[in-house]
Number of protein chains: 2
Amino acid sequence: MNTKGELNRSVRNTKKRLRESLIKLVGEKPLSAVTVSELTEDADVNRSTFYFHYKDVYDMVTEMENLFLADFSVALGALEQKSHDTITILFKCLESHMDLCRILLGANGDMSFVEKMKRIVELKCSRIWKDAVPDLSDEETAIFDSFVVGGVMSTLQAWVRDNDRQPAEAIAGVLNRLVLDGICPVVANWQGNQRQV
Amino acid sequence: MNTKGELNRSVRNTKKRLRESLIKLVGEKPLSAVTVSELTEDADVNRSTFYFHYKDVYDMVTEMENLFLADFSVALGALEQKSHDTITILFKCLESHMDLCRILLGANGDMSFVEKMKRIVELKCSRIWKDAVPDLSDEETAIFDSFVVGGVMSTLQAWVRDNDRQPAEAIAGVLNRLVLDGICPVVANWQGNQRQV
DNA sequence: ATTAAATTCCAACAATGTGTTGAAAATTCA
DNA sequence: TGAATTTTCAACACATTGTTGGAATTTAAT
């Protein structure tokens, strides 16, 4: 294993072939049923070579997840306060990792991956309340966070799963309105008022 | 296998022991790492007996999931339009299946289980828009659904995961306000108006 | 082009788990 | 009690795992 970040050409090719085979196989059966043997056979890579790089299939998936999450995190971190474009950028990032995302966000997906994505999105969201309504308790903030982040993630998942996807901008628009016109006012007027129906 | 729903006493005991052992083992390692051998050994059940009832560990988990989902579905279906209490009832139901829910809703959880829960919650939610705003397109309805259902589920997950949980009523109150005062008005005024900030 | 390091391949290994079988023993319920 | 169901037990062939040592190949830098 190479401790430095640089990768050999053969390493690059080997891992790429393994990734392609994994995505192909997970299209046919759940990840839990994918064995190292069939994976390496499909990828035409010696089984020992697999173990030279990875501990097991899940270890490999984790690497793939992290490759995406790095992109995802950068995409989100790039923009500062321009929160209106935020959600659109999320969609674009998912679009460029569609194969992987469909696997990890679908049924038979990986909950820990979803949790990691949520945590990244949450960093952006929680700042919205923190800035707008500074005197909000931690408990309340946590609830708002989990609701909005969960709502956004769920919509992303549905979008990825859908075969004839609507344009990213359309959904981003709806989400923005729900959050900015729906949730934010409720949060802003939170202190000491009852439900007004 | 018994085709009728009634269960032998020995079957009840066997399955109960297996369930207890599974919950114990999943507390120590991810579900994917739990083998039939160690499960039956811990439960003090012969391995053949396991295969007499289940195809594999996932098959057994599916049965456990369905036992809960039946309760969950009944709890939700019981109330008619009294949407204010809906979310509280959700929490109570989770509370009585806490061990299982912590496993299935946590990291290392089961995405397909979350999807099944979502579908049940969605039946309740989508009716809210359908009744209030009849002339909403299917695409828009789908987005509202996935956002709100995802938000509710995410909050439930966070609540289950938390070790010192707030009382169910507190969170239910926040969720109700977010949905009824935040989301619903936006949906109701949806037709032909721009964002008003 | 040479060379040292890194990577891949190959064959073999013990160990573990899988899923199934058949027959005996035990349990359940009527 | 007796028939049906369930559990146990031992054994089986089979696949996967994770690791080994050494040979062959590829890489990247001089």
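Criteria and cut-off values
- Residues numbered from 1 in each chain as written.
- Chains lettered and ligands numbered in written order.
- Predicted model: local features only at pLDDT ≥ 70, side-chain atom pairs only at ≥ 80, totals over all residues.
- Heavy atoms only, no water.
- Helix = DSSP H or I, 4+ residues; strand = E, 2+ residues; numbered from the N terminus.
- Buried < 20%, exposed > 50% of the residue type's maximum accessible area, 1.4 Å probe, protein only.
- Contact = heavy atoms within 4.5 Å.
- Areas by Shrake-Rupley, 256 points an atom, 1.4 Å probe, with all protein chains shown as cover.
- Buried area = accessible area lost by both parts, 1.4 Å probe.
- Salt bridge = Lys/Arg side-chain N within 4 Å of Asp/Glu carboxyl O.
- Polar contact = N/O pair within 3.5 Å; in protein donor to acceptor, adjacent residues only side chain to side chain.
- Nonpolar A, V, L, I, M, F, W, Y, C, P; charged D, E, K, R; others polar.
- Near = heavy atom within 4 Å.
- Expected span 1.5 Å × (residues − 1).
- Bend = angle between axes of the 7 residues up to and from the residue.
- pLDDT = per-residue confidence, 0-100.
- Least-squares fit on C-alpha atoms with pLDDT ≥ 70 in both.
- Axes fitted to C-alpha atoms, helices over the stretch in contact; angles between N-to-C directions.
- Parallel < 35°, antiparallel > 145°, perpendicular 65-115°, else oblique.
- Left-handed = near helix turned anticlockwise from the far one by under 90°.

Let's shift gears to the overall build of chain A. Scanning chain A from terminus to terminus reveals nine helices and zero strands. Along its sequence from the N terminus, chain A presents helices and strands in the succession α-α-α-α-α-α-α-α-α. Within chain A, buried positions represent 48% of all 197 residues. Residue pairs in contact within chain A that sit at least 24 positions apart in sequence constitute 64% of those at least 6 positions apart. Roughly 10100 Å² of accessible area belongs to chain A as shown, and the carbon and sulfur atoms make up 50% of that amount.

With 46 residues of chain A at the contact, the number on the chain B side is 46 residues. Between chain A and chain B, the buried area comes to about 3800 Å², and carbon and sulfur atoms account for 67% of it. Applying the counting rule to chain A against chain B returns two salt bridges. The salt bridge partner of Glu115 of chain A is Arg161 of chain B, with a shortest N-O separation of 3.7 Å. Between chain A and chain B we count five residue pairs in polar contact (both at pLDDT 80 or more) in total. For the side of chain A that touches chain B, the element with the most residues is helix α8 (residues 138-161) of chain A, which contributes 14 residues. In terms of residue class, the side of chain A that touches chain B is built from 21 nonpolar, 17 polar and eight charged.

Taken together, the neighbourhood of DNA strand C is formed by 21 residues, with Asn8, Thr14, Thr49 and His53 of chain A together with Asn8 of chain B sitting nearest. Considering the 4 Å shell around the protein, atoms of DNA strand C inside it are sugar or phosphate in 67% of instances. Here a phosphate oxygen of DNA strand C sits 3.1 Å away from a polar atom, N or O, in the main chain of Ser10 of chain A. His53 of chain A places a side-chain nitrogen or oxygen 2.5 Å from a phosphate oxygen of DNA strand C. Elements with a minimum of two residues in the surface near DNA strand C: α1 (9-26) and α3 (47-53) of chain A together with α1 (9-26), α2 (36-43) and α3 (47-53) of chain B. Sorting elements by how many residues they give to the surface near DNA strand C places α3 of chain A first, with five residues. Looking at side-chain class alone, the surface near DNA strand C contains five nonpolar, 13 polar and three charged residues.

This part takes up helix α7 (residues 111-132) of chain B. All names here are of chain B. Counted at 1.5 Å a residue, the expected span for α7 with its 22 residues is 32 Å, and the 31 Å between its end C-alpha atoms agrees. Largest kink in α7: about 35°, centred on Glu122. Taken as a whole, α7 has its buried residues at Met111, Phe113, Val114, Glu115, Met117, Lys118, Ile120, Val121, Lys124, Cys125, Ser126 and Trp129.

Moving on, we come to the confidence of the model for chain A. Per-residue pLDDT for chain A averages 87, and the proportion of residues at 70 or more is 90%. In the predicted structure, residues 193-197 of chain A sits below a pLDDT of 50 and forms six contacts with residues beyond four places in sequence or in another chain.

Taken as rigid bodies, chain A and chain B are interconverted by a rotation of 180° and an axial shift of 0.0 Å, the fit giving an RMSD of 0.0 Å. Both chain copies can therefore be described as sitting about a two-fold axis.

Residue and element names in this part refer to chain B. Orientation of α7 relative to helix α8 (residues 138-161), taken along the N-to-C sense of each, is 125°, at an axis distance of 9 Å. Taken as axis vectors, α7 and α8 run oblique relative to one another. For the pair α7 and α8, the crossing hand works out as right-handed. Residues Val114, Met117, Lys118, Val121, Glu122, Cys125, Ser126 and Trp129 of α7 touch α8, and the partners they reach there are Thr141, Phe144, Asp145, Val148, Val149, Gly150 and Met153. Here the residues of the contact of α7 with α8 are counted per class, giving nine nonpolar, three polar and three charged.

The next point concerns the packing of helix α6 (residues 98-105) of chain B against α8 of chain B. Residue and element names in this part refer to chain B. Look at α6 against α8: their axes get within 9 Å of each other, and the N-to-C directions meet at 115°. Note that α6 runs across α8; the crossing there is left-handed. In this structure, α6 uses Met98, Cys101, Arg102 and Leu105 to contact α8, whose residues at the interface are Met153, Gln157, Trp159, Val160 and Arg161. Each residue belonging to the contact of α6 with α8 can be placed in one class, and the counts come to six nonpolar, one polar and two charged.

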